[in-house]
Amino acid sequence: MAILRFNALKESLDRTPVKIQEDERRSDLFGRNVFNQKAMRQYLTKDSFESLKSTIENGTKIDRSLADNISTGMKEWAISKGATHYTHWFQPLTGSTAEKHDAFFETIDDGDAMEKFNGSQLVQQEPDASSLPHGGIRNTFEARGYTAWDPSSPAFLWGSTLCIPTIFVSYTGEALDYKTPLLRSISALDKAATDVAKYFDKKINKVITTLGWEQEYFLVDSALASTRPDLMMSGRTLIGHSPAKGQQLDDHYFGSIPSRVLNYMRDLEKECMLLGIPVKTRHNEVAPNQFELAPIFEEVNLAVDHNSLLMDVMDKVAERHHFKVLFHEKPFQGVNGSGKHNNWSLATDTGSNLLSPGKTPMKNMRFLTFFINTIKAFYENEELIRATIASASNDHRLGANEAPPAVMSVFIGSQLTKVLDELEKVTDGKLSPQEKTELKLNVVGKIPEILMDNTDRNRTSPFAFTGNKFELRAVGSTANCADPMTVLNAIVTKQLKEFKVEVDDLISDKKMKKDDAIFNVLREYIKASKKIRFEGDGYGEAWEKEAKKRGLSNYRTTPEALKAKISKKAIDLFGELNIMNETEIKARYEIEIEDYSKHIQIEGRVLGDIARNHIIPTAIKYQNILIENVKGLKEIYGPNFKDQAKQQMSIIESISDHIEKINEEVDQMIAERKKANAMEDPTEKAYAYCNQVKPFFDDIRYHCDKLELLVDNEIWPMTKYRELLFTK
Ligand SMILES: NC(=O)CC[C@H](N)C(=O)O
């Protein structure tokens, strides 16, 4: 094993950056492998093109003959670019993407063959997906699931396969994927937000949710990664002593990008361009060998698809560069983890951003309306938000190193806090003309200027307003953005609907003017949601205490956090908005809670194996060397040998102590794992894994890491932190 480590080190040190050809403009490459409007125009009849466009824009139905026409055009386009296969491409609840390739190729009667792809193959498929997670929705005997084309996300060519984004539902129509509820939440929010936006501009007929994600990740040389069973099996290091130097000098963040990594990024970006993923930003992140990539924001469904696709592309491109991408939220203890900050906003079909203040008081009132409603929605559903970002891996990240804590709060900056404080003082009932003028001029009217020089930033906030969007920073780097986006869309939809009812009531019952009614409702919302606003340091104990006083939740682990997903409140919310029914909600909960146990189970097994089969034997080997040494000293020095052998003997004893502890704790951990495995109820099992099994990890690690400091470097089998983090 140590041989493996040194061979891997040698291999990694001998690498040179993989050459990248960049002879075409990015804008020319952009979307070349996407069946976008340009390709559609070229490959579809005018009628089909117009009908498809209307389907994409208004969700109109596609009939059989139109589907046939589109599939033929799509096939011809794909084959002209070298495609041989097609697949429905979807996002089951495994967290990664799924695909099953079928060749266009088919035989025909006279022993001949041709390429075929018809409308029904485009529109619907029945993948043999019996082993994908379903949370009890599908019986084994009725394992059928359907994939159905999502025309709002364009088909694309990846390698030699035409990929058609689809939803994935059960035989009985229940969602088995991330996309279906997301699409439902998008249309619910569109309707609710359009109704409210019309208070300010009658011309608005559609509201589009937008998302700009930021993907953080680590890169480790693939040879080095393959020496670490923990990285390979669980995505994170389960042992490893901190290196002498970590991120304390801040010399990596925004520093120059190492050449090998830069070429990886360029190669990756080129693929992204071809696939129409509008990547824009690349840089080093805070921890050594940590990086970030971010695109220009897009419509949320497309953005989610692009992020899922990107993660797959990142893995594949990394192979060419001999890197392993680590998406885990905390692959290394003691340095920054990785998030996937979700920048969420609302855009109108008239070209405005509803979370961006404008030049007129009306636009700023509109901004305040959406801004305050979002804060209130967040406050009322903070537990559901916490649940939506919960995972075994994200548990390690929350609460340190620029990742938000487990307490959910909203950061808006001191300037906007002042604005809300002013609005809170608005008169109850009708506003006097004077007050209204004053408000419009001095409070509402000043917002754009205020925001211009608002440089507030708070990296400890889970949900931070950043000038024209909210940044949900709590999402973990491995997550599919669809789930948090579905929740955010849903809670804001419900909130906006309530807002509309309240404002309309004041207008009709209390005969208030529209502006007065809006100010009155907003004032109450500001008061009602004040407790969620927090501008300070999210890490201190003081905030935990204060949050408790405010009645905010603080679920530190996934099993505790997840229960909000099946609360009556969540079931009512999703049911009322037709986003998910109770069966779908409970199935998802079951999948997630089981997923938690499985992750901890895998980590426990890997750690037990490493500790017993890699670390203990190595420690014994070194101890034997020391014993030989002591024996030799005894031979030379006779009865006085202890003067010479004191240190060696003390190390021999320390090694024995650590070995004993490791062995004992691995035994106990295995016993607890067995108990947990015997539990039938998935929730009970997850709690057992969380509270009875997981606590052994840190103790076992402690002793392994101590041994790492004692044992001869030459025989240590696992690649060390300094090698994983600093080999460029
Ligand atoms: N600079 C940053 O924004 C760091 C964010 C941090 N890596 C996280 O886990 O979210």
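Labelled according to an unreviewed UniProt entry, the protein chain appears under the name Glutamine synthetase III, originating from Psychroflexus salinarum. Per its UniProt entry, the protein chain bears the Sequence similarities (unreviewed entry) comment "Belongs to the glutamine synthetase family."

Novice: Lay out the overall build of the protein chain in plain terms, naming residues and giving numbers.
Specialist: The helix and strand tally for the protein chain stands at 27 helices and 18 strands. Whereas a compact globule of 728 residues would reach a radius of gyration of roughly 27 Å, the protein chain reaches 29 Å, a difference of no more than 12%. Taking the principal axes of the C-alpha coordinates as reference, the protein chain spans close to 105 × 80 × 55 Å. Relative to its 728 residues, the protein chain shows a buried fraction of 56%. Mean positive and mean negative side-chain charge positions of the protein chain (97 and 107 charges, respectively) differ by 4 Å.

Novice: Provide a residue-level description of helix α23 (residues 582-637), including the pertinent values.
Specialist: In this model α23 runs 79 Å from its N-terminal to its C-terminal C-alpha over 56 residues, within 8% of the 82 Å that 1.5 Å per residue would give. Along α23, the helix axis deviates most sharply at Ile-615, where the bend reaches about 30°; the proline Pro-617 sits within four residues downstream. Gly-638 lies just past α23 and shows a positive phi near 60°.

Novice: Describe the pairing of strand β8 (residues 161-170), naming the residues involved and giving the relevant values.
Specialist: In terms of burial, β8 is largely enclosed, as 10 of its 10 residues are buried. In this sheet, β8 lies alongside strand β1 (residues 85-89) in parallel orientation, the contact comprising five bridges. When the bridges of β8 are listed, Thr-87 appears paired with Cys-163. Strand direction decides the pairing type here: strand β6 (residues 145-149) and β8, joined by five bridges, are antiparallel.

Novice: Hey, could you go over a nonpolar patch on the surface for me, with residue numbers and the actual values?
Specialist: A contiguous nonpolar patch, built from Met-232, Met-233 and Ile-602 and spanning about 280 Å² of accessible area, is present on the exposed surface. Along the polypeptide, Ile-602 turns up in helix α23.

Novice: A description of the sheet that holds strand β14 (residues 323-326) should follow, citing residues and the corresponding values.
Specialist: In spatial order, the strands read β11-β12-β10-β14; together these four strands make up an open sheet with antiparallel pairing. Among the strands making up the open sheet, the edge pair consists of β11 (279-284) and β14. When the angles between neighbouring strand axes are averaged without regard to direction, this sheet yields 30°. As paired elements, strand β10 (residues 215-221) and strand β12 (residues 290-295) share four bridges and run antiparallel to each other. Each residue of the ladder has a partner; that of Glu-216, found in β12, is Glu-292. Together, β10, β11, β12 and β14 form the strand contacts of helix α10 (residues 259-274), whose direction differs from that of β11 by roughly 165°.

Novice: Mind laying out the environment of Asp-699, listing which residues take part and the relevant values?
Specialist: Mapped onto the elements of the fold, Asp-699 is located in helix α26 (residues 695-710). A C-alpha to C-alpha distance of 8.1 Å links Asp-699 and Ile-662, two positions 37 residues apart in sequence.

Novice: Before we move on, could you go through the nonpolar core and cite the residues and values that matter?
Specialist: In terms of nonpolar packing, the biggest core is built from 122 residues, with Tyr-217, Tyr-264, Leu-368, Phe-371, Leu-423 and Phe-574 touching the most fellow members. Residues Ile-615, Ala-619, Leu-626 and Ala-686 belong to the second largest nonpolar core, which totals 45 residues.

Novice: How would you summarise the site of the ligand if you had to cite specific residues and measurements?
Specialist: As a matter of local geometry, the ligand sits amid Glu-216, Tyr-253, Glu-285, Gly-337, Ser-338, Gly-339, His-341, Arg-397, Glu-402, Ala-403, Arg-459 and Arg-473. With respect to the ligand, the side chain of Arg-397 contributes an N or O atom lying 2.7 Å from an oxygen atom. Residue Glu-402 places a side-chain N or O atom 3.0 Å away from a nitrogen atom belonging to the ligand. Contact with the protein chains covers 97% of the free accessible surface of the ligand, which is 300 Å².

Novice: Account for the UniProt feature "coiled-coil region" (unreviewed entry) in the protein chain, naming residues and giving values.
Specialist: The UniProt feature table records "coiled-coil region" (unreviewed entry) at residues 652-679. A helix fraction of 93% and a strand fraction of 0% characterise residues 652-679, whose end C-alpha atoms lie 41 Å from each other.

Novice: Let's hear about the packing of aromatic side chains: which residues, and what values?
Specialist: Considering all chains together, one arrives at 22 aromatic pairs under this definition. Measuring from centroid to centroid gives 6.0 Å for Tyr-217 and Phe-291, while their planes differ by 40°, and the two rings are tilted. Here Tyr-217 is found in strand β10, whereas its partner Phe-291 is found in strand β12, with 74 residues between them in sequence. With a centroid separation of 4.8 Å and 65° between ring planes, the pair formed by Phe-371 and Phe-465 is classed as edge-to-face. Here Phe-371, found in helix α12 (residues 361-380), pairs with Phe-465, found in strand β17 (residues 463-465); they are 94 residues apart in sequence, far enough to count as distant. Phe-465 sits in the buried class, given a relative accessible area of 5%. An aromatic cluster is built from Phe-367, Phe-371, Phe-378, Phe-463, Phe-465 and Phe-470, whose rings are joined through pairwise contacts.

Novice: For the sheet that holds β17, give the residues involved together with the corresponding values.
Specialist: If you walk across this open sheet you meet the six strands as β13-β9-β15-β18-β17-β16, and the pairing is mixed. Taken across any chain shown, the strands that pair with only one partner, and hence form the sheet edges, are β13 (298-299) and β16 (410-411). Pairing analysis gives seven bridges linking strand β9 (residues 207-213) to strand β15 (residues 342-348), with the strands arranged antiparallel. Paired with Thr-210 across the bridge in β15 is Ser-345. The strands touched by helix α11 (residues 300-320) are β9 and β13; relative to β9, the strand with the most contacts, the crossing angle is about 25°.

Novice: Tell me what's going on with a negative patch on the surface, and back it up with residues and numbers.
Specialist: Residues Glu-653, Asp-657, Glu-660 and Glu-664 make up a contiguous surface patch of negative charge. Mapping Glu-653 onto the fold places it in helix α24 (residues 641-677). Given the relative accessible area of 53%, Glu-653 is considered exposed.

Novice: I'd like a description of the pairing of β15, backed by residues and values.
Specialist: With seven of its seven residues buried, β15 lies for the most part within the structure. The alternating pattern of β15 places Asn-342, Trp-344, Leu-346 and Thr-348 on one face and Asn-343, Ser-345 and Ala-347 on the opposite face, and all of these are buried. One ladder, built from three bridges, connects β15 with strand β18 (residues 470-472); its direction is antiparallel. Residue pairing across strands places Asn-342 opposite Leu-472, the latter belonging to β18.

The rules behind the values
- Residues numbered from 1 in each chain as written.
- Predicted model: local features only at pLDDT ≥ 70, side-chain atom pairs only at ≥ 80, totals over all residues.
- Heavy atoms only, no water.
- UniProt positions renumbered as here; feature names shortened; annotations may be inferred.
- Helix = DSSP H or I, 4+ residues; strand = E, 2+ residues; numbered from the N terminus.
- Rg over C-alpha atoms; globule rule 2.2 N^0.38 Å.
- Buried < 20%, exposed > 50% of the residue type's maximum accessible area, 1.4 Å probe, protein only.
- Lys, Arg positive; Asp, Glu negative; His and termini not counted.
- Charge placed at Lys NZ, Arg CZ, Asp CG, Glu CD.
- Expected span 1.5 Å × (residues − 1).
- Bend = angle between axes of the 7 residues up to and from the residue.
- Pairing = 2+ DSSP bridges.
- Patch = residues over 30% accessible without salt bridge, like charges linked within 9 Å, V, L, I, M, F, W, Y side chains within 5 Å.
- Areas by Shrake-Rupley, 256 points an atom, 1.4 Å probe, with all protein chains shown as cover.
- Salt bridge = Lys/Arg side-chain N within 4 Å of Asp/Glu carboxyl O.
- Axes fitted to C-alpha atoms, helices over the stretch in contact; angles between N-to-C directions.
- Contact = heavy atoms within 4.5 Å.
- Core = buried A, V, L, I, M, F, W, Y, C linked by side-chain atoms within 4.5 Å.
- Near = heavy atom within 4 Å.
- Polar contact = N/O pair within 3.5 Å; in protein donor to acceptor, adjacent residues only side chain to side chain.
- Phe/Tyr/Trp six-rings, centres within 6.5 Å; stacked < 30°, edge-to-face > 60°.

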